[in-house]
Amino acid sequence: MIRRLKYHEIDFKKYTECLENSEQRKYSATKDFLDITSGKQWEILVYNDYEAVMPVPFVKKRSVKIVHNPKLCQQLGVFSAEDKREINELFLEYLNKNYLVRIFTFNDANQFNSDMVLKNNFLIYPEIYEKVYAKYSPKRKRKLRLDLAVLEQVKIKSISYSEAKPFIKMNVLGAESEGDKDGFLKIFEKFFKSNSLNFSAFYYQGKIANVIVTYKDSQAVALLGTFNDKDFVKLSGASVLIDNAIKENIETHIFDFEGGSLPNIEEFFRGFRPELKPYAIIENSKKNILKKFVYLLFKRKLF
(Lines give C-alpha, C1' and ligand atoms only; values in the text may rest on other atoms or scores of the structure.)
Protein backbone atom coordinates (compact mmCIF):
# COMPACT_ATOMS: atom_id res chain seq x y z
CA MET A 1 0.00 0.00 0.00
CA ILE A 2 2.72 2.48 0.97
CA ARG A 3 5.79 2.92 -1.18
CA ARG A 4 8.96 4.83 -0.40
CA LEU A 5 10.22 6.93 -3.31
CA LYS A 6 13.54 8.72 -3.45
CA TYR A 7 13.66 12.26 -4.87
CA HIS A 8 14.54 11.22 -8.42
CA GLU A 9 11.72 8.66 -8.44
CA ILE A 10 8.94 11.13 -7.55
CA ASP A 11 6.29 11.95 -10.13
CA PHE A 12 6.12 15.63 -9.21
CA LYS A 13 3.06 16.24 -11.36
CA LYS A 14 1.07 13.65 -9.41
CA TYR A 15 2.61 14.78 -6.13
CA THR A 16 1.60 18.41 -6.75
CA GLU A 17 -1.91 17.44 -7.86
CA CYS A 18 -2.37 15.40 -4.69
CA LEU A 19 -1.10 18.24 -2.51
CA GLU A 20 -3.09 21.03 -4.17
CA ASN A 21 -6.33 19.04 -4.03
CA SER A 22 -5.81 17.81 -0.50
CA GLU A 23 -7.88 18.64 2.55
CA GLN A 24 -4.68 19.40 4.46
CA ARG A 25 -2.88 21.54 1.86
CA LYS A 26 0.19 23.39 3.26
CA TYR A 27 2.60 25.69 1.42
CA SER A 28 5.49 24.06 3.34
CA ALA A 29 4.96 20.73 1.54
CA THR A 30 5.25 22.18 -1.97
CA LYS A 31 8.19 21.13 -4.10
CA ASP A 32 9.57 24.66 -4.36
CA PHE A 33 9.46 25.24 -0.60
CA LEU A 34 11.01 21.89 0.29
CA ASP A 35 13.67 22.10 -2.41
CA ILE A 36 14.96 25.35 -0.91
CA THR A 37 14.62 24.57 2.80
CA SER A 38 16.01 21.02 2.59
CA GLY A 39 18.46 21.45 -0.28
CA LYS A 40 16.47 18.78 -2.17
CA GLN A 41 17.14 16.27 0.60
CA TRP A 42 13.65 14.82 0.81
CA GLU A 43 11.74 11.83 -0.44
CA ILE A 44 8.12 10.75 -0.15
CA LEU A 45 5.88 7.97 1.07
CA VAL A 46 3.01 7.26 -1.33
CA TYR A 47 -0.28 5.50 -0.68
CA ASN A 48 -1.48 3.59 -3.77
CA ASP A 49 -1.25 5.77 -6.90
CA TYR A 50 -0.67 9.12 -5.16
CA GLU A 51 -4.00 8.90 -3.31
CA ALA A 52 -2.10 10.17 -0.30
CA VAL A 53 1.48 11.42 0.02
CA MET A 54 3.85 12.30 2.82
CA PRO A 55 7.10 14.20 2.18
CA VAL A 56 10.00 13.07 4.36
CA PRO A 57 12.94 15.50 4.65
CA PHE A 58 16.24 14.30 6.04
CA VAL A 59 19.81 15.20 6.86
CA LYS A 60 22.76 12.88 6.37
CA LYS A 61 25.17 12.00 9.15
CA ARG A 62 28.00 9.79 7.87
CA SER A 63 25.80 8.64 4.98
CA VAL A 64 22.94 7.78 7.33
CA LYS A 65 19.57 9.42 6.72
CA ILE A 66 17.99 11.04 9.76
CA VAL A 67 14.51 12.51 9.36
CA HIS A 68 14.54 16.14 10.43
CA ASN A 69 12.23 19.02 9.50
CA PRO A 70 14.24 21.69 7.68
CA LYS A 71 14.64 25.21 9.01
CA LEU A 72 11.46 27.30 8.55
CA CYS A 73 9.42 24.21 7.62
CA GLN A 74 6.87 23.93 10.40
CA GLN A 75 4.34 21.36 9.14
CA LEU A 76 4.39 18.42 6.74
CA GLY A 77 2.53 15.17 7.34
CA VAL A 78 -0.04 13.35 5.21
CA PHE A 79 -1.89 14.97 2.30
CA SER A 80 -4.99 13.43 0.75
CA ALA A 81 -8.40 14.41 -0.64
CA GLU A 82 -9.98 13.47 2.69
CA ASP A 83 -8.14 13.16 5.99
CA LYS A 84 -8.58 9.61 7.29
CA ARG A 85 -7.25 8.39 10.62
CA GLU A 86 -6.60 4.85 9.36
CA ILE A 87 -4.49 6.11 6.44
CA ASN A 88 -2.57 8.50 8.68
CA GLU A 89 -1.86 5.64 11.07
CA LEU A 90 -0.38 3.60 8.22
CA PHE A 91 2.00 6.42 7.36
CA LEU A 92 2.89 6.90 11.02
CA GLU A 93 3.63 3.21 11.44
CA TYR A 94 5.76 3.09 8.28
CA LEU A 95 7.73 6.15 9.32
CA ASN A 96 8.48 4.82 12.80
CA LYS A 97 9.45 1.37 11.54
CA ASN A 98 11.67 2.36 8.64
CA TYR A 99 13.35 5.65 9.53
CA LEU A 100 15.54 7.27 12.13
CA VAL A 101 13.39 10.21 13.19
CA ARG A 102 14.86 13.17 15.07
CA ILE A 103 12.04 15.66 14.43
CA PHE A 104 9.05 15.24 12.14
CA THR A 105 5.81 17.21 12.19
CA PHE A 106 2.42 16.37 10.82
CA ASN A 107 -0.10 19.07 9.90
CA ASP A 108 -3.00 20.52 11.83
CA ALA A 109 -5.59 18.60 9.76
CA ASN A 110 -4.03 15.16 10.35
CA GLN A 111 -6.01 13.14 12.90
CA PHE A 112 -4.75 9.99 14.65
CA ASN A 113 -5.95 7.19 16.87
CA SER A 114 -2.52 7.09 18.50
CA ASP A 115 -1.65 9.50 21.28
CA MET A 116 0.50 12.24 19.80
CA VAL A 117 2.46 15.13 21.25
CA LEU A 118 0.99 18.41 20.05
CA LYS A 119 2.45 21.86 19.38
CA ASN A 120 0.53 25.08 18.86
CA ASN A 121 0.11 27.14 15.74
CA PHE A 122 -2.22 30.03 14.95
CA LEU A 123 -4.10 30.89 11.76
CA ILE A 124 -6.43 33.64 10.60
CA TYR A 125 -8.69 32.52 7.76
CA PRO A 126 -9.70 34.80 4.86
CA GLU A 127 -12.24 37.45 5.80
CA ILE A 128 -12.86 41.17 5.39
CA TYR A 129 -10.07 42.98 7.22
CA GLU A 130 -12.42 45.13 9.30
CA LYS A 131 -13.97 41.98 10.79
CA VAL A 132 -10.54 40.54 11.51
CA TYR A 133 -9.39 43.77 13.18
CA ALA A 134 -12.57 43.93 15.26
CA LYS A 135 -11.56 40.63 16.91
CA TYR A 136 -8.13 41.88 18.02
CA SER A 137 -7.67 42.10 21.77
CA PRO A 138 -8.09 45.55 23.37
CA LYS A 139 -4.38 45.49 24.22
CA ARG A 140 -3.39 44.77 20.60
CA LYS A 141 -5.63 47.57 19.31
CA ARG A 142 -4.08 49.93 21.84
CA LYS A 143 -0.57 48.96 20.70
CA LEU A 144 -1.53 49.74 17.11
CA ARG A 145 -2.63 53.30 17.93
CA LEU A 146 0.66 55.13 17.66
CA ASP A 147 1.00 58.64 19.07
CA LEU A 148 0.92 61.41 16.48
CA ALA A 149 4.43 62.46 17.47
CA VAL A 150 5.65 58.90 16.81
CA LEU A 151 3.69 58.56 13.55
CA GLU A 152 5.42 61.61 12.13
CA GLN A 153 8.75 59.80 12.47
CA VAL A 154 7.61 56.36 11.25
CA LYS A 155 7.86 54.81 7.79
CA ILE A 156 6.81 51.31 6.72
CA LYS A 157 8.15 49.86 3.50
CA SER A 158 9.28 46.67 1.79
CA ILE A 159 13.04 46.29 1.59
CA SER A 160 15.42 43.99 -0.26
CA TYR A 161 17.25 41.02 1.17
CA SER A 162 20.54 42.94 1.13
CA GLU A 163 18.94 45.76 3.15
CA ALA A 164 17.35 43.34 5.65
CA LYS A 165 20.33 41.01 6.12
CA PRO A 166 22.49 43.13 8.51
CA PHE A 167 19.50 43.94 10.73
CA ILE A 168 18.32 40.32 10.87
CA LYS A 169 21.80 39.02 11.65
CA MET A 170 22.14 41.55 14.46
CA ASN A 171 18.73 40.81 16.02
CA VAL A 172 18.01 37.14 15.37
CA LEU A 173 16.99 35.15 18.44
CA GLY A 174 16.98 31.38 18.88
CA ALA A 175 19.88 30.57 16.54
CA GLU A 176 22.41 28.49 18.43
CA SER A 177 25.45 29.49 16.36
CA GLU A 178 26.71 31.71 13.57
CA GLY A 179 26.23 28.71 11.29
CA ASP A 180 22.53 28.60 12.20
CA LYS A 181 22.18 32.32 11.49
CA ASP A 182 23.86 31.90 8.12
CA GLY A 183 21.61 28.92 7.37
CA PHE A 184 18.46 30.97 7.94
CA LEU A 185 19.82 33.87 5.90
CA LYS A 186 20.74 31.64 2.95
CA ILE A 187 17.19 30.27 2.87
CA PHE A 188 15.79 33.80 3.04
CA GLU A 189 18.03 34.83 0.17
CA LYS A 190 16.93 31.94 -2.04
CA PHE A 191 13.25 32.60 -1.35
CA PHE A 192 13.72 36.31 -2.06
CA LYS A 193 15.33 35.51 -5.41
CA SER A 194 12.34 33.30 -6.24
CA ASN A 195 9.99 36.27 -5.61
CA SER A 196 8.11 34.48 -2.83
CA LEU A 197 9.48 36.37 0.18
CA ASN A 198 8.84 39.88 1.47
CA PHE A 199 10.88 41.84 4.01
CA SER A 200 8.77 44.56 5.59
CA ALA A 201 10.55 47.14 7.74
CA PHE A 202 9.35 49.59 10.39
CA TYR A 203 11.58 52.67 10.35
CA TYR A 204 11.74 55.11 13.25
CA GLN A 205 13.70 58.34 12.86
CA GLY A 206 15.21 56.93 9.67
CA LYS A 207 16.51 53.75 11.36
CA ILE A 208 15.13 50.21 11.08
CA ALA A 209 13.48 49.20 14.36
CA ASN A 210 11.64 46.04 13.24
CA VAL A 211 11.55 43.62 10.30
CA ILE A 212 9.09 40.85 9.54
CA VAL A 213 9.65 38.19 6.90
CA THR A 214 6.63 36.72 5.12
CA TYR A 215 6.37 33.91 2.57
CA LYS A 216 3.46 34.01 0.14
CA ASP A 217 2.00 31.48 -2.24
CA SER A 218 -1.40 31.12 -3.91
CA GLN A 219 -3.32 30.39 -0.70
CA ALA A 220 -1.34 31.45 2.34
CA VAL A 221 0.94 34.09 3.81
CA ALA A 222 3.28 32.74 6.46
CA LEU A 223 5.18 34.75 9.06
CA LEU A 224 8.65 33.19 8.83
CA GLY A 225 10.41 35.62 11.10
CA THR A 226 10.05 38.67 13.36
CA PHE A 227 13.18 40.65 14.20
CA ASN A 228 13.26 43.54 16.65
CA ASP A 229 15.75 46.09 17.90
CA LYS A 230 15.27 45.80 21.67
CA ASP A 231 15.85 49.53 22.10
CA PHE A 232 12.57 50.24 20.27
CA VAL A 233 10.30 47.52 21.69
CA LYS A 234 7.88 50.03 23.23
CA LEU A 235 7.03 51.43 19.80
CA SER A 236 5.19 48.17 18.91
CA GLY A 237 6.64 48.17 15.42
CA ALA A 238 6.25 44.38 15.08
CA SER A 239 2.52 44.64 15.82
CA VAL A 240 2.15 47.37 13.21
CA LEU A 241 4.02 45.34 10.57
CA ILE A 242 2.00 42.17 11.20
CA ASP A 243 -1.26 44.09 11.18
CA ASN A 244 -0.23 45.69 7.89
CA ALA A 245 0.57 42.27 6.37
CA ILE A 246 -2.81 40.95 7.53
CA LYS A 247 -4.59 44.01 6.09
CA GLU A 248 -2.93 43.54 2.69
CA ASN A 249 -3.62 39.82 2.36
CA ILE A 250 -6.39 38.52 4.60
CA GLU A 251 -9.30 38.85 2.17
CA THR A 252 -7.74 36.27 -0.16
CA HIS A 253 -5.10 34.38 1.89
CA ILE A 254 -4.77 32.46 5.13
CA PHE A 255 -2.41 34.24 7.52
CA ASP A 256 -0.17 31.68 9.22
CA PHE A 257 1.67 32.81 12.36
CA GLU A 258 4.03 29.82 12.16
CA GLY A 259 3.96 28.62 15.74
CA GLY A 260 4.61 30.21 19.07
CA SER A 261 6.01 27.66 21.50
CA LEU A 262 7.58 30.31 23.76
CA PRO A 263 5.02 31.75 26.21
CA ASN A 264 5.74 35.42 25.41
CA ILE A 265 5.53 34.82 21.64
CA GLU A 266 2.33 32.82 21.99
CA GLU A 267 0.80 35.59 24.07
CA PHE A 268 1.84 38.14 21.43
CA PHE A 269 0.23 36.13 18.61
CA ARG A 270 -2.96 35.53 20.61
CA GLY A 271 -3.49 39.30 20.69
CA PHE A 272 -4.49 39.10 17.01
CA ARG A 273 -7.20 36.60 17.98
CA PRO A 274 -6.20 33.85 15.52
CA GLU A 275 -7.58 30.32 15.63
CA LEU A 276 -5.54 27.80 17.60
CA LYS A 277 -4.54 24.94 15.27
CA PRO A 278 -2.41 22.30 17.07
CA TYR A 279 -0.32 19.85 15.05
CA ALA A 280 1.34 16.55 15.97
CA ILE A 281 5.08 16.11 16.30
CA ILE A 282 7.46 13.17 16.63
CA GLU A 283 10.68 13.99 18.43
CA ASN A 284 13.39 11.56 19.56
CA SER A 285 16.54 12.06 21.58
CA LYS A 286 19.96 11.31 20.10
CA LYS A 287 20.21 8.35 22.49
CA ASN A 288 16.99 6.81 21.15
CA ILE A 289 18.11 7.45 17.58
CA LEU A 290 21.33 5.54 18.25
CA LYS A 291 19.35 2.57 19.58
CA LYS A 292 17.11 2.63 16.53
CA PHE A 293 20.15 2.91 14.27
CA VAL A 294 21.56 -0.36 15.61
CA TYR A 295 18.21 -2.06 15.04
CA LEU A 296 17.73 -0.75 11.50
CA LEU A 297 21.33 -1.49 10.60
CA PHE A 298 20.73 -5.07 11.60
CA LYS A 299 17.60 -5.11 9.48
CA ARG A 300 19.59 -3.48 6.62
CA LYS A 301 17.03 -0.71 6.11
CA LEU A 302 19.31 2.31 6.24
CA PHE A 303 21.00 2.20 2.85
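> Mind laying out the packing of aromatic side chains, listing which residues take part and the relevant values?
Aromatic ring pairs: the centre-centre distance and the angle between the two ring planes describe each pair. Evaluated as defined, the whole model comprises 24 aromatic pairs. Plain terms: the ring middles of Y27 and Y215 are 5.5 Å apart, the flat faces sit at 35° to each other, and that makes the pair tilted. With Y27 in the loop between helix 1 (12–20) and helix 2 (31–38) and Y215 in strand 11 (residues 207–216), this residue pair connects regions lying 188 residues apart in the sequence. Taken together, Y129, Y133, Y136, F255, F257, F268, F269 and F272 form an aromatic cluster joined through their ring pairs. A cation sits over an aromatic face here: K31 above F12, 5.0 Å from the ring centre. The residue whose ring lies beneath R140 is F272, and the NZ or CZ to ring-centre distance is 4.9 Å.

> So, the environment of Q219: which residues are in play, and what are the values?
By the element assignment, Q219 lies in the loop between strand 11 and strand 12 (220–228). In this structure the C-alpha to C-alpha distance between Q219 and N249, which are 30 residues apart in sequence, comes to 9.9 Å.

> Please set out the state of the cysteines residue by residue, giving values where relevant.
Scanning all chains against the criterion turns up 0 disulfides. Take C18: it sits in no disulfide, and the sulfur closest to it among the cysteines is that of C73, at 16 Å. Accessibility expressed as a relative area gives 8% for C18, which makes it buried.

> Lay out helix 8 (residues 178–193) with the relevant residues and their values.
Over its 16 residues, helix 8 extends 22 Å from the first C-alpha to the last, a length consistent with the 22 Å expected when each residue adds 1.5 Å. Taken together, the buried positions of helix 8 are K181, G183, L185, I187, F188 and F191. Against the buried residues of helix 8 lie helix 2, helix 7 (161–171), strand 10 (197–204), strand 11 and strand 12.

> Pulling in residues and values, what's your account of the packing of helix 7 against helix 8?
In contact at an axis separation of 11 Å, helix 7 and helix 8 are set at 160° when each is read in the N-to-C sense. Between helix 7 and helix 8, the crossing angle belongs to the class labelled roughly antiparallel. Viewed along their axes, helix 7 and helix 8 form a crossing whose handedness is right-handed. Contacts between helix 7 and helix 8 involve Y161, K165, I168 and K169 from the first element and E178, K181, D182, L185, F188, E189 and F192 from the second. Residues belonging to the contact of helix 7 with helix 8 are distributed by class as follows: 5 nonpolar, no polar and 6 charged.

> Explain the environment of T214 to me, and be specific about the residues and the numbers.
Structurally, T214 is set in strand 11. Note: C-alpha distance between T214 and N88 (126 residues apart in sequence) is 30 Å. Contact partners of T214, with chain neighbours within four places excluded, come to S196, L197, N198, V221, A222 and L223.

> Hey, could you go over a positive patch on the surface for me, with residue numbers and the actual values?
A contiguous patch of positive charge, built from K139, R142, K143 and R145, is present on the exposed surface. Of note, R145 is situated in the loop between helix 5 (138–144) and helix 6 (148–151). Looking at R145, the relative accessible area reads 54%, which means it is exposed.

> Outline helix 9 (residues 237–249), listing residues and values.
When the terminal C-alpha atoms of helix 9 are compared, their 19 Å separation across 13 residues agrees well with the 18 Å that a helix rising 1.5 Å per residue should span. When you tally the buried positions in helix 9, you get 10 out of 13 residues, the bulk of the element. Listing the buried residues of helix 9 in full gives G237, A238, S239, V240, L241, I242, D243, A245, I246 and N249.

> I'd like a description of the nonpolar core, backed by residues and values.
Ranked by size, the top nonpolar core spans 61 residues in total, and within it Y15, F106, F188 and F199 carry the most contacts. Here the element with the most residues in this core is strand 2 (residues 42–47); it accounts for 5 residues. Not counting chain neighbours up to four residues away, the residues in contact with F188 comprise L72, Y161, I168, L197, F199, V213, L224 and F227. Formed by 29 residues, the second largest nonpolar core is a distinct cluster that contains Y204, A209, L241 and F257.

> Got a sec to walk through the sheet that holds strand 14 (residues 275–276)? Specific residues and values, please.
If you trace the 7 strands from one edge of the open sheet to the other, you get 9-10-11-12-13-8-14, paired in mixed fashion. Two strands lie at the open edges of the sheet, namely strand 9 (154–159) and strand 14, each paired on one side alone.

> Outline the pattern of salt bridges, supporting the account with residue identities and numerical values.
Tallying each qualifying case throughout the model produces 14 salt bridges. Taking the shortest distance from any N to any O, the salt bridge between D217 and R25 comes out at 2.8 Å. Taken as a pair, D217 in the loop between strand 11 and strand 12 and R25 in the loop between helix 1 and helix 2 lie far apart in primary sequence, 192 residues in all. Judged by relative accessible area, R25 falls into the buried class, the value being 14%. For the salt bridge of D182 with K169, the shortest nitrogen-to-oxygen distance reads 3.2 Å. Here D182 is found in helix 8, whereas its partner K169 is found in helix 7, with 13 residues between them in sequence. On the basis of relative accessibility, which here comes to 30%, the residue D182 falls in the partly exposed class.

Cut-offs and rules
- Residues numbered from 1 in each chain as written.
- Predicted model: local features only at pLDDT ≥ 70, side-chain atom pairs only at ≥ 80, totals over all residues.
- Heavy atoms only, no water.
- Phe/Tyr/Trp six-rings, centres within 6.5 Å; stacked < 30°, edge-to-face > 60°.
- Helix = DSSP H or I, 4+ residues; strand = E, 2+ residues; numbered from the N terminus.
- Lys NZ or Arg CZ within 6 Å of the ring centre and 35° of its normal.
- Disulfide = S-S within 2.5 Å.
- Buried < 20%, exposed > 50% of the residue type's maximum accessible area, 1.4 Å probe, protein only.
- Expected span 1.5 Å × (residues − 1).
- Contact = heavy atoms within 4.5 Å.
- Axes fitted to C-alpha atoms, helices over the stretch in contact; angles between N-to-C directions.
- Parallel < 35°, antiparallel > 145°, perpendicular 65-115°, else oblique.
- Left-handed = near helix turned anticlockwise from the far one by under 90°.
- Nonpolar A, V, L, I, M, F, W, Y, C, P; charged D, E, K, R; others polar.
- Patch = residues over 30% accessible without salt bridge, like charges linked within 9 Å, V, L, I, M, F, W, Y side chains within 5 Å.
- Areas by Shrake-Rupley, 256 points an atom, 1.4 Å probe, with all protein chains shown as cover.
- Salt bridge = Lys/Arg side-chain N within 4 Å of Asp/Glu carboxyl O.
- Lys, Arg positive; Asp, Glu negative; His and termini not counted.
- Charge placed at Lys NZ, Arg CZ, Asp CG, Glu CD.
- Core = buried A, V, L, I, M, F, W, Y, C linked by side-chain atoms within 4.5 Å.
- Pairing = 2+ DSSP bridges.

Treat this as a map of the structure, not an account of what it does.
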